[in-house]
Amino acid sequence: MGAGASVTRIKENPRIKQFFSVHDKRLHKLAREYKMEVSDLVNQKRRIHKAVGSNYLSKKHLKMSITIDCSEEMVESLTRMLSSNGKQVSVIDYICGMTKFCYGSPQQRFDYCFKLFDYDSGGTLSHDELESIIDSLLKVYRGKKTTKKMRKKLARKYFKKMDVDGDGDISLEEFKKVVIVDRSLTQAIMSLARFVKFTS
């Protein structure tokens, strides 16, 4: 059944009609872009709303939605990334953002990964921010905790490869150029979606 038929069926169903709002268009657009059923997205919205008891997700809920170690900086960064008003993350914001993160193209996921660890929203990654990426990706890809020595060694290695212009920071383009040709980094970033409860 196509997305159009799903919309008609949902709108005629009084039991779930109440879950439609002014944000309908965002769900419809998402369904078309990722070839998903609108009914599935509406049900996802209903389940999340029931779980959090609100139209908005608290920082506690955001932290709980990521099953790898999630720092306060990451939660703040995730809030900025997902929020449509820059302050709060609505259930719709969360569904739209996490759908792109979990089912988007490699380029979209690389962008999300970069923004997630750009803790100060400066548009570049510092050495410490890159080390945070390496730490998280090693846990995902290798399935084990890393030592501080290992993180720092790999962070130095990748920072040197990425910081082509030598300005001490890594731009999104510099980040993506290395990630695209590094199979291990690509696979690790694509695997990050497994650690989002939204997908289950």
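Residues numbered from 1 in each chain as written. Predicted model: local features only at pLDDT ≥ 70, side-chain atom pairs only at ≥ 80, totals over all residues. Heavy atoms only, no water.

Next up on the list: the overall build of the chain. Of the regular secondary structure elements, the chain holds 12 helices and four strands. Evaluated residue by residue, the chain yields a buried proportion of 46% over its 200 residues. Here the contacts in the chain between residues at least 6 apart in sequence split such that 62% fall between residues at least 24 apart. (Helix = DSSP H or I, 4+ residues; strand = E, 2+ residues; numbered from the N terminus. Buried < 20%, exposed > 50% of the residue type's maximum accessible area, 1.4 Å probe, protein only. Contact = heavy atoms within 4.5 Å.)

A positive phi is found at K35, a non-glycine position, where the angle reads about 55°. Tracing the backbone shows K35 in the loop between α3 (24–33) and α4 (38–52). Residue K35 is classed as exposed on the basis of its relative accessible area, which comes to 77%. Positive phi outside glycine occurs at S121, with the angle close to 55°. When you line up the elements, S121 lands in the loop between α8 (106–117) and β3 (124–125). Residue class for S121 comes out partly exposed when judged on its relative accessible area of 45%.

In this section: the pattern of salt bridges. Under the definition given, this model contains eight salt bridges. Between K152 and E131 there is a salt bridge whose closest N-O contact spans 3.5 Å. In this pair, K152 sits in helix α10 (residues 148–162) while E131 sits in helix α9 (residues 127–142), placing the two residues 21 residues apart along the sequence. A relative accessible area of 31% places K152 in the partly exposed class. What emerges from the salt-bridge pattern is a single network uniting E131, D135, R151 and K152. (Salt bridge = Lys/Arg side-chain N within 4 Å of Asp/Glu carboxyl O.)

With that settled, consider the confidence of the model for the chain. Mean pLDDT over the chain works out to 82, with 84% of the residues at or above the 70 mark. Note that residues 3–20 has pLDDT below 50 and, in this model, 27 contacts with residues that lie over four places away or in other chains. (pLDDT = per-residue confidence, 0-100.)

Right, let's get into the nonpolar core. With 56 residues, the main nonpolar core has Y94, M162 and F175 as its most contacted residues. Ranked by the residues each element gives to this core, the list is headed by helix α7 (residues 91–103), at eight residues. The residues touching F175, leaving out its near neighbours within four places in the chain, are F110, C113, F114, L125, I133, M162, I170 and I189. (Core = buried A, V, L, I, M, F, W, Y, C linked by side-chain atoms within 4.5 Å.)

A full pass over the atoms with the stated rule returns three aromatic pairs. Geometrically, the ring pair formed by F117 and Y119 is tilted, given 6.1 Å between the ring centres and 50° between the ring planes. Judged by relative accessible area, which is 1%, F117 ranks as buried. (Phe/Tyr/Trp six-rings, centres within 6.5 Å; stacked < 30°, edge-to-face > 60°.)

The relative placement of two packed helices comes down to the angle between their axes together with the axis-to-axis distance. Relative orientation of the contacting elements α10 and helix α11 (residues 172–181) amounts to 110°, with a least axis distance of 9 Å. One element, α10, and the other, α11, form an angle in the roughly perpendicular class. In this structure, α10 crosses over α11, and the sense of that crossing is right-handed. Residues Y158, K161 and M162 of α10 touch α11, and the partners they reach there are E174, F175, V178 and V179. (Axes fitted to C-alpha atoms, helices over the stretch in contact; angles between N-to-C directions. Parallel < 35°, antiparallel > 145°, perpendicular 65-115°, else oblique. Left-handed = near helix turned anticlockwise from the far one by under 90°.)

What follows is about α8. Helix length check: α8 (12 residues) gives 17 Å between terminal C-alpha atoms against 16 Å at 1.5 Å per residue, within 8%. Along α8, the residues that are buried comprise R109, F110, Y112, C113, F114, L116 and F117. (Expected span 1.5 Å × (residues − 1).)

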